[in-house]
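Summary of structural features
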Amino acid sequence: MTPPLLKVEDLRIALAGDGVTYNAVEGVSFEIGRGEAFGLVGESGCGKSITALSVMGLLRRPLSLGGGRIVLDGQEIQDVPAAEMRRLRGKRIAMIFQEPMTALNPLSPVGRQIAEMFVLHQGAGWSEAMDRAEDALRQVRVPSPERRIRDYPHQLSGGMRQRVMIAIALACGPDLLVADEPTTALDVTVQAEIIDLIAELCAAKGTAVLMISHDLGLVANMCKRVAVMYAGRIVESQVADAIFARPSHPYTQGLIDSLPRLGERSRRGRQRLREITGVVPSIQAYPAGCRFNPRCPAVTDICRTNVPEATSLPADGLVRCHHHG
Amino acid sequence: MLLVLGRRLANVVPTMLAVVALVFLLFSVLPGSFISGMNEDGRSAMDPAVMERMRKEMGLDDPLLERFAKYVANTARGDLGTSFRTREPVTKMLSGRIWPSLKLVLAAMTFAILVGVTLGFLAALRPGSWIDTASMVGAISGLSLSQFWFGLMLMYLFALKLQWLPSFGYGDGGLRNLVLPAIALGVGPMALLARTTRAAVLDVLNADFVRTARSKGMSERRVVEWHVLRNALVLVITIVGLQFGSLMGQAVVVEKLFAWPGVGSLMVDSVFQRDMPTVQGCILMIVLFFLVINTLVDLAYVVIDPRIRYQ
């Protein structure tokens with residue numbers, strides 16, 4: 001078996017606050033193969049985004065890497081010097097952010113913001129870089145790119161801006177694209193276009209994708225494998241199809257039940273979508289044992305005291321639940 | 001661009017009219033006049049007939065509205081009237097005073113921008129460092145100082161003790177005489193600029209697009225040069241404009257203190273003597289300066305920030 005492109009092992013992210021250090025993320029491990037699309041799913045505040053930032057080496061105070069290993073293509077990158085990390089960032093691992101409205105510099109033409117990538121990583125001159133920025137815009141299917149490169153972000157729609165972000169991220173042909181909720185801020189009709197674009201371009205270039213979303217349906221469509229995070233831990237990880245067919249963790253089951261599906265409701269004779277009661281606990285107040293226990297419909301005493309170990313599932317899957325099997 | 005300019009200039013006339021009206025009103029409720037002042041200056045009393053003749057001559061007995069209308073009409077022709085005190089045309093008196101005032105204000109603002117913006121930048125790039133602490137303590141002190149007291153201290157230290165610079169006066173109009181009053185006048189805006197710049201840069205450093213820039217693999221220096229500077233500048237320029245505009249008015253105290261022959265000291269002297277046409281002229285000059293600077297700031301916005309386009 002070929003070694004994975006990205007291997008995250010026992011990742012711990014520390015949150016410093018008021019003299020106490022909390023673990024915002026702990027024991028997170030996953031692997032992404034070359035050209036593979038991997039999904040990380042969970043509610044807001046479960047630690048998905050900071051997991052992505054830690055892979056990019058972009059954690060900032062009060063967050064910091066507390067432990068674990070991040071291996072990119074055989075090289076440990078969790079504590080390489082800043083200058084070396086900068087050469088990897090953008091060139092080998094690139095990132096798309098959630099908010100295309102604010103993620104681009106409002107005072108700089110979008111063409112220039114793409115061209116920066118060629119200047120930074122490939123030593124291109126500005127005029128050559130601008131030509132290539134135009135090509136990059138064409139690839140993400142922005143109409144009349146020769147005019148658009150001179151536009152400022154405020155002159156573009158949200159969807160167009162996210163295309164620009166994709167053009168920036170894929171400019172230097174990275175091995176891994178980290179997409180942090182790339183469609184959350186967009187119109188529903190535009191969402192599908194953007195996801196298709198990311199999937200298509202990455203497939204064409206053999207770029208692996210770490211897709212982060214709260215939308216299980218969206219992730220399952222695009223990714224081969226999916227991990228579900230809850231309160232800073234991965235609770236289940238499976239092949240995408242299997243997650244829908246046989247969800248093994250009560251939380252995953254809850255997520256799937258809360259998705260609207262055509263025809264399902266009337267067939268089951270239910271009028272309302274089922275919700276997961278309660279909210280994600282704050283980092284300062286993670287419960288002992290299984291962190292899902294206050295919201296879990298199948299909770300028993302052991303869940304309140306013992307952290308569940310990982311149980312293997314078929315096809316490299318795993319689940320962390322006392323009641324599995 | 002021209003549209004912005006045109007629109008701003010169209011605002012100048014009504015603003016000036018309003019200011020003139022306000023000054024007229026103030027002087028009409030103020031007790032005493034130029035002539036009663038002359039009568040009460042402690043020397044022999046004036047002949048009532050002379051006083052009566054002077055009042056007529058200066059038009060002080062005319063109804064307020066009539067005087068106002070006359071003044072506006074004359075100003076529109078470029079005639080600001082004749083000084084009661086010196087019997088010279090106000091325009092002529094002002095023309096000798098504008099350049100020294102302008103020089104003082106420009107020097108003070110240059111000092112404020114160079115020192116204030118630099119300190120603010122350094123402080124923001126190293127929050128919590130000694131340079132941050134030192135410059136912010138300096139900024140708070142600078143804001144709280146009275147110009148008058150600070151000017152006196154400058155004189156004491158650099159003129160009296162060290163004897164590096166002349167203590168007051170215009171001299172030959174060279175740099176040596178300019179330094180102390182410019183610093184005294186510039187320290188307030190400098191302090192404000194240091195604080196604003198620090199806040200603006202910190203604000204921009206936390207923006208999403210700076211995170212994007214970092215994710216591109218840029219060095220922190222490039223991030224600042226390519227993405228932070230310009231964005232912070234937009235915020236800084238607002239404060240520069242406001243401070244710059246009002247500096248001519250603030251200069252009154254410093255000009256008086258350093259015996260600087262500018263518009264401000266002319267105005268103070270004229271107020272004491274109820275020399276109304278001169279005071280009017282001075283105030284008009286200060287307001288005009290404020291409006292011009294504001295217009296320039298608006299133009300600067302358009303150049304720097306592509307989001308601002310006036311329809």
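The shown structure was predicted, so the numbers you read here are calculated from the model rather than taken from an experiment.

1. Structural notes on the overall build of chain A
Of regular secondary structure, chain A possesses 12 helices and 12 strands. Relative to the compact-globule value of 20 Å for 325 residues, chain A shows a C-alpha radius of gyration of 21 Å, a close match. Based on the C-alpha atoms only, the size of chain A along its principal axes is roughly 65 × 50 × 45 Å. The burial tally for chain A puts 44% of its 325 residues in the buried class.

2. Some words on the overall build of chain B
The helix and strand inventory of chain B stands at 12 helices and zero strands. Walking chain B from its N terminus toward its C terminus, one meets helices and strands in the order α-α-α-α-α-α-α-α-α-α-α-α. By its C-alpha atoms, chain B is 85 × 55 × 30 Å across when sized along the principal axes. For chain B, buried positions account for 35% of its 311 residues. For chain B, the share of sequence-separated contacts (at least 6 apart) that also reach a separation of at least 24 residues comes to 73%.

3. Side note on the interface of chain B and chain A
Counting residues at the interface gives 18 residues for chain B and 23 residues for chain A. Going through the elements one at a time, α9 (208–215) and α10 (220–257) of chain B are the ones with two or more residues in the side of chain B that touches chain A. The element that contributes the greatest number of residues to the side of chain B that touches chain A is α9(B), accounting for six residues. Among the residues forming the side of chain B that touches chain A, the class breakdown is five nonpolar, six polar and seven charged.

4. Re the sheet that holds strand β11 (residues 311–313) of chain A
Residue and element names in this part refer to chain A. Within the open sheet, the eight strands sit side by side as β6-β7-β8-β3-β9-β10-β12-β11. Their pairing is mixed. Every interior strand has two partners, whereas the edge strands, β6 (93–96) and β11, have only one. Mean inter-strand twist for the sheet, computed between neighbouring axes without regard to direction, equals 25°. The pairing of β11 with strand β12 (residues 317–319) spans three bridges and is classified as antiparallel. By the bridge assignment, L313 is partnered in β12 with G317. Where helix α6 (residues 158–170) meets the sheet, its contacts fall on β6 and β7 (176–180), and the angle it forms with β6 comes to roughly 170°.

5. With respect to the packing of α9(B) against α10(B)
All names here are of chain B. The interhelical angle for the contact between α9 and α10, taken along N-to-C directions, is 145°, at an axis separation of 10 Å. Read as a crossing pair, α9 and α10 show a hand that is right-handed. Residues F209, V210, A213 and R214 of α9 touch α10, and the partners they reach there are V223, W226, H227 and V228. Class assignment for the residues of the contact of α9 with α10 results in six nonpolar, one polar and one charged.

6. Section: the packing of helix α7 (residues 147–161) of chain B against helix α8 (residues 175–205) of chain B
All names here are of chain B. α8 packs onto α7 with a crossing angle of 145° between their chain directions and a minimal axis gap of 9 Å. Crossing handedness for the pair α7 and α8: right-handed. For the pair formed by α7 and α8, the contact residues are Q147, F150, G151, L154, M155 and F158 on the first element and L180, I183, A184, L185, V187 and G188 on the second. For the contact of α7 with α8, the per-class residue count stands at nine nonpolar, three polar and no charged.

7. Here we look at the environment of C172(A)
Here C172(A) shows up in the loop between α6 and β7. Linking C172(A) and R92(A), residues 80 residues apart in sequence, is a C-alpha distance of 7.7 Å.

8. Some details on the sheet that holds strand β1 (residues 6–17) of chain A
All names here are of chain A. Taken in spatial order, the four strands make up an open sheet running β2-β1-β4-β5, and their pairing is antiparallel. Two strands lie at the open edges of the sheet, namely β2 (20–32) and β5 (75–76), each paired on one side alone. Here strand β4 (residues 63–72) runs beside β5; their pairing, made up of two bridges, is antiparallel. Directly across from L72, in β5, lies its bridge partner Q75.

9. Points about α7(B)
All names here are of chain B. With 15 residues, α7 should reach 21 Å at 1.5 Å per residue; the first-to-last C-alpha distance of 20 Å fits that figure. Buried residues of α7: G151, L154 and M155, and no others. Remark: Q163 follows α7 within two positions and exhibits a positive phi of approximately 55°.

10. A closer look at the nonpolar core
Formed by 156 residues in total, the largest nonpolar core has its most connected members in I114(A) and L210(A). Per-element tally for this core: the top contributor is α8(B), with 15 residues. Once residues lying within four places of it in the same chain are set aside, the contact partners of I114(A) are A133(A), A136(A), L137(A), V164(A), A167(A), I168(A) and A171(A).

11. Section: the environment of D187(A)
Mapped onto the fold, D187(A) is located in the loop between β7 and α7 (188–205). In sequence terms D187(A) and G158(A) are 29 residues apart; their C-alpha atoms lie 8.4 Å from each other.

12. Regarding the confidence of the model for chain B
Residue and element names in this part refer to chain B. On average, residues of chain B carry a pLDDT of 84, and 96% of them reach 70 or more. Within chain B, no element has a lower average pLDDT than helix α2 (residues 34–39), which sits at 69, and none a higher one than α9, at 93. Complex prediction metrics read pTM 0.82 and ipTM 0.88.

13. Quick word on the environment of L152(B)
Residues and elements named next belong to chain B. Turning to its location among the elements, L152 is positioned in helix α7. Accessibility expressed as a C-beta count within 10 Å gives 14 for L152, which makes it partly exposed. Distance from L152 to F258, taken between C-alpha atoms, is 8.9 Å for residues 106 residues apart in sequence.

14. Quick look at the pairing of strand β10 (residues 233–239) of chain A
All names here are of chain A. Judged by how many residues are buried, β10 sits mostly within the fold: six of seven residues are covered. Bridge analysis of strand β9 (residues 225–230) against β10 gives six bridges, and the strand direction is antiparallel. In the strand pairing of β10, M229 is matched with I234. Hairpin connection, β9 to β10: the antiparallel pair is bridged by two residues, and A231 has positive phi, about 50°. Note that β10 and β12 share two bridges and pair antiparallel. Residue S237 lies in a different strand from β12, and its bridge partner there is L318.

15. Describing the pairing of strand β8 (residues 208–213) of chain A
Residue and element names in this part refer to chain A. Burial of β8 is extensive: six of the six residues sit out of reach of the surface. Residues A208, L210 and I212 point to one face of β8 and V209, M211 and S213 to the other, with burial holding for every one of them. In the sheet, strand β3 (residues 37–41) pairs with β8 via five bridges, with the strands oriented parallel. Bridging across to β8, G39 finds its partner in M211. Handedness of the crossover is the feature at issue here: the chain leaves β7, passes through α7, returns alongside β8, and the resulting connection is right-handed.

Rules used throughout
- Residues numbered from 1 in each chain as written.
- Chains lettered and ligands numbered in written order.
- Predicted model: local features only at pLDDT ≥ 70, side-chain atom pairs only at ≥ 80, totals over all residues.
- Helix = DSSP H or I, 4+ residues; strand = E, 2+ residues; numbered from the N terminus.
- Rg over C-alpha atoms; globule rule 2.2 N^0.38 Å.
- Buried ≥ 20, exposed ≤ 12 C-beta atoms within 10 Å, placed from the backbone.
- Contact = placed C-beta atoms within 7 Å.
- Nonpolar A, V, L, I, M, F, W, Y, C, P; charged D, E, K, R; others polar.
- Pairing = 2+ DSSP bridges.
- Axes fitted to C-alpha atoms, helices over the stretch in contact; angles between N-to-C directions.
- Left-handed = near helix turned anticlockwise from the far one by under 90°.
- Expected span 1.5 Å × (residues − 1).
- Core = buried A, V, L, I, M, F, W, Y, C linked by C-beta atoms within 7 Å.
- pLDDT = per-residue confidence, 0-100.
- Right-handed = clockwise from strand over helix to strand, strands pointing away.

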